[in-house]
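Notes for the structure review
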Amino acid sequence: MYRDHQVVRGLEFPVLKGLDLEVPDGAVVTVLGESGSGKTTLLRMIAGFDRPDAGTIVIDGQVVDSADRFVPPERRRIGYVAQEGDLFPHLTVAKNIAFGLPRRERGTGHVDELLDLVGLGGLGKRYPHQLSGGQQQRVALARALAPRPQVVGEVIAWQAAGIN
């Protein structure tokens, strides 16, 4: 998979050119690079939010993006967590996590399990503004895990931690 060019503020420059990445099942991968090197673009292309100019994206043996095939993001079973978390401010933590679940799964205890998994058990009735930034990020991670995706991608702001 690769992207020849990306347009940013009217400027064109190569991003992810010549990238070839294979991740075995169950592996945890960290993508490091300078600001603007394409880390977020890579995750957005895998999730289906952006498309490569050329190349192929294959997930679990199925082509999800190529010159003649495109599987939309909602059919890829990808959990994606943006740097900002993108929580709905008018929904409780529990309702934010349950947002992408079918109605029949919302009251099954799955949300409580996810809250416990991310260390936020008992906070389901709070609203995002009542949480710290780190807690909000964990809610966003739990929401990405809720539909039991095959792949989870998280964009972490290393710059905020003093790492680049």
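Going by the structure above, here's the rest.
All of these numbers come straight from a predicted model, not from anything done at the bench.

So, about the environment of Ala-54. Among the structural elements, Ala-54 can be located in the loop between helix H1 (39-47) and strand E3 (57-59). Along the sequence, Ala-54 and Lys-17 sit 37 residues apart, while their C-alpha atoms lie 9.5 Å from each other.

Before going further, it helps to spend a moment on the sheet that holds strand E4 (residues 62-66). Taking strand neighbours across the sheet as the criterion, the three strands line up as E3-E4-E5 in an open arrangement whose pairing is antiparallel. Of all the strands in the sheet, the pair left with one neighbour each is E3 and strand E5 (69-70). Bridge analysis of E3 against E4 gives three bridges, and the strand direction is antiparallel. Paired with Ile-57 across the strands is Asp-65, a residue of E4.

Our next topic: the packing of aromatic side chains. Each aromatic ring pair is summarised here by two numbers: the centre-to-centre distance and the angle between the ring planes. Scanning all chains against the criterion turns up two aromatic pairs. With 5.2 Å between their ring centres and 90 degrees between their planes, Phe-49 and Tyr-80 make a pair best called edge-to-face. Of this pair, Phe-49 sits in the loop between H1 and E3 while Tyr-80 sits in strand E6 (residues 78-81), and the two are 31 residues apart along the sequence. Its relative accessible area of 38% is what places Phe-49 among the partly exposed residues. The interplanar angle of 45 degrees and the centroid separation of 4.6 Å between the aromatic rings of Phe-88 and Phe-99 together place this pair among those described as tilted. In this pair, Phe-88 sits in the loop between E6 and helix H2 (93-98) while Phe-99 sits in the loop between H2 and helix H3 (110-117), placing the two residues 11 residues apart along the sequence.

This next bit is on a nonpolar patch on the surface. A cluster of nonpolar residues, Leu-21, Val-23, Val-29 and Val-31, forms a patch on the protein surface that exposes about 290 Å² of accessible area. We classify Val-31 as partly exposed; its relative accessible area is 38%.

Rules behind the numbers
- Residues numbered from 1 in each chain as written.
- Predicted model: local features only at pLDDT ≥ 70, side-chain atom pairs only at ≥ 80, totals over all residues.
- Heavy atoms only, no water.
- Helix = DSSP H or I, 4+ residues; strand = E, 2+ residues; numbered from the N terminus.
- Pairing = 2+ DSSP bridges.
- Phe/Tyr/Trp six-rings, centres within 6.5 Å; stacked < 30°, edge-to-face > 60°.
- Buried < 20%, exposed > 50% of the residue type's maximum accessible area, 1.4 Å probe, protein only.
- Patch = residues over 30% accessible without salt bridge, like charges linked within 9 Å, V, L, I, M, F, W, Y side chains within 5 Å.
- Areas by Shrake-Rupley, 256 points an atom, 1.4 Å probe, with all protein chains shown as cover.
- Salt bridge = Lys/Arg side-chain N within 4 Å of Asp/Glu carboxyl O.

Read these as layout, nothing more, since geometry by itself doesn't imply function.
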